[in-house]
Structures are given as structure tokens and as C-alpha cells.
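Coordinates in review
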Amino acid sequence: MTAPYEAEVRFRIPDIDAFRGRIQARGGTVVESYAFRDRCHRSRIGPWDWTAQSMRTRTHTVPAPRSEVLFSAVDVVAADGFAFKRSRLAAGKATLFTGTADACASFLDALGYTPWFDVIKTDCVMWNLPNGGMAIAEHVAGATVPNGPVGVTAASS
């Protein structure tokens, strides 16, 4: 995480084994391996800028099953030809509720949010880098749309 807020640069990794080898050769150490499904929600109450704020239920499958409601607020920043998102929250995202997936859905329904689309990430690894910062590789297994088309396409890293 960068001070004072998290920033991400995302890119496709054409050869995951070579990428992992390069991280390890530079002294990267595995922090954790994980997998999860994010169910993104949209407001039933009124418009909001989904590119700057997100509300989602994250259901972890690895390392241990659990669900939580996460809120994120970001700005898209461009520097030296790179575009990246920079969190407006010090921790990157705020956990609003934890419980079963059904309890999370009920919580968001009570707040006026409805399911929009899912993003499934598998075979994810997070590394600490020796000179600060982190590297993360996530396989985006697919995107599904529970309530009809919204222009979301599946991606694979």
C-alpha cells in the first residue's frame, strides 16, 4: 500500500509462471493465496457514479469461506502515461458488514441495493516486495450477470 492511500496499476500477465518466477527471483515473499466471488450491487434508490464508488459482497472460498459487504471509493488518476485508481479510503475499502452470503444480500437489500453482476477470481497470490509495495496476480475466471445484460464481458488474465 502506498502512503497515504492504496493505488493500483492493473495489467494482463501473458505468462503467469514467468511472472511468478520474476517476483520470487527479486525476493518477493508470498503473503497469502486466495479466491473469491465479488457480487457487485447498484442502487435502487437513485443514481450514483459506479466508476467512482462500488458496493459489493465478497464471498471468499480460499483460504476459508466467509462473506463481507465492501464499499470502495476511488479516483482515476493519470501519471506518466499510466492510468490507475487511487482509493479515497485509507484502507482501500471499508468493510460494512460480515456474515453469510444471504445475510450480506439482506443487508444490502435493506440499504436499497440490488445485485448487478459477479466477478470470480481464482488462483490469486499476493506477494510482499523487498523494497516496499506488493504484487498481486489474480485469475479473473469470469463475469456473470444475475439480473440481465449490463454490458459486462468476461475477462481472463
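As a reminder, the structure under discussion sits directly above these lines.
Report on the accompanying structure.

Conventions adopted
- Every residue gets a number counted from 1 within its own chain, in the order that chain's sequence is written.
- Restriction of local features to residues with pLDDT of at least 70 applies here, the model being predicted, together with a cutoff of 80 or more for giving and counting side-chain atom pairs; totals for whole chains, interfaces and linings are based on all residues.
- Only hydrogens and water are set aside when side-chain values are computed; all heavy atoms of the structure are taken into account.
- Between Lys or Arg on one side and Asp or Glu on the other, a salt bridge is scored when a side-chain nitrogen of the former is within 4 Å of a carboxyl oxygen of the latter.
- Going along the chain from the N terminus, every DSSP run of H or I of four or more residues is numbered as a helix, and every run of E of two or more is numbered as a strand.
- Each residue gets one of three labels from its accessible area relative to the maximum for its type: buried under 20%, exposed over 50%, partly exposed in between, using a 1.4 Å probe on protein chains only.
- Pairing of N or O atoms within 3.5 Å defines a polar contact, subject to two protein rules: one partner must be a possible hydrogen donor and the other a possible acceptor, and residues neighboring in sequence count only if both atoms are side-chain atoms.
- In this context, the arc is that of the directions from the helix axis out to the C-beta atoms.
- Take the buried Ala, Val, Leu, Ile, Met, Phe, Trp, Tyr and Cys residues and link them wherever side-chain atoms come within 4.5 Å; each set so joined is a nonpolar core.
- Note on contacts: a residue pair qualifies if any of its non-hydrogen atoms lie within 4.5 Å across the two residues.
- For two strands to count as paired, DSSP must find a minimum of two bridges between them.

Notes on the pattern of salt bridges
The final tally for this structure, using the stated rule, is eight salt bridges. Close ionic contact of Arg-44 with Asp-109 constitutes a salt bridge, the shortest N to O distance being 2.9 Å. Taken as a pair, Arg-44 in the loop between strand S2 (29-43) and strand S3 (53-62) and Asp-109 in helix H2 (residues 101-111) lie far apart in primary sequence, 65 residues in all. Residue Asp-109 is classed as partly exposed on the basis of its relative accessible area of 43%. Salt-bridge contacts for Arg-88 lead to Asp-75; the nearest nitrogen and oxygen are separated by 3.3 Å. Residue Arg-88 is found in the loop between strand S5 (82-87) and strand S6 (94-99), and its partner Asp-75 is found in strand S4 (residues 66-79); the two are separated by 13 residues along the sequence. Using a relative accessible area of 38% as the deciding quantity, one classes Arg-88 as partly exposed. Counted as one network, the salt bridges with shared partners bring together Arg-37, Arg-39 and Asp-118.

Here's the deal with the side chain of Asp-118
When you line up the elements, Asp-118 lands in strand S7 (residues 113-128). At a separation of 2.6 Å, a polar atom in the side chain of Asp-118 contacts the side chain of Arg-39.

Notes on helix H1 (residues 16-25)
Every buried residue of H1 is listed here: Phe-19, Arg-20 and Ile-23. Along the axis of H1, the buried positions cluster into a sector of 95°, meaning they face one direction only. Exposed positions of H1 whose direction lies more than 90 degrees from the buried face are Asp-17, Arg-22 and Ala-25. Structurally, the start of H1 carries an N-cap: the backbone nitrogen of Asp-17 is 3.2 Å from a side-chain oxygen of Asp-15. Note on H1: the residue one or two positions beyond its end, Gly-27, has a positive phi of about 90°.

Considerations on the nonpolar core
Counting seven residues, the largest nonpolar core is built from Ile-13, Phe-19, Ile-23, Val-125, Trp-127, Ala-135 and Ala-137. Elements supplying a minimum of two residues to this core: H1, S7 and strand S8 (134-144). The residues contacting Ala-135, other than those within four sequence positions of it, are Phe-19, Ile-23, Val-125, Met-126, Trp-127 and Leu-129.

Here we look at the pairing of S3
Across seven bridges, the pairing between S2 and S3 is antiparallel. Looking across to S3, one finds that Ala-35 is bridged to Val-62. Across eight bridges, S3 lies against S4 in antiparallel orientation. Each bridged residue has a counterpart across the sheet, and for Ser-54 the counterpart in S4 is Ser-72. Between S3 and S4, which follow one another and run antiparallel, lie three residues.

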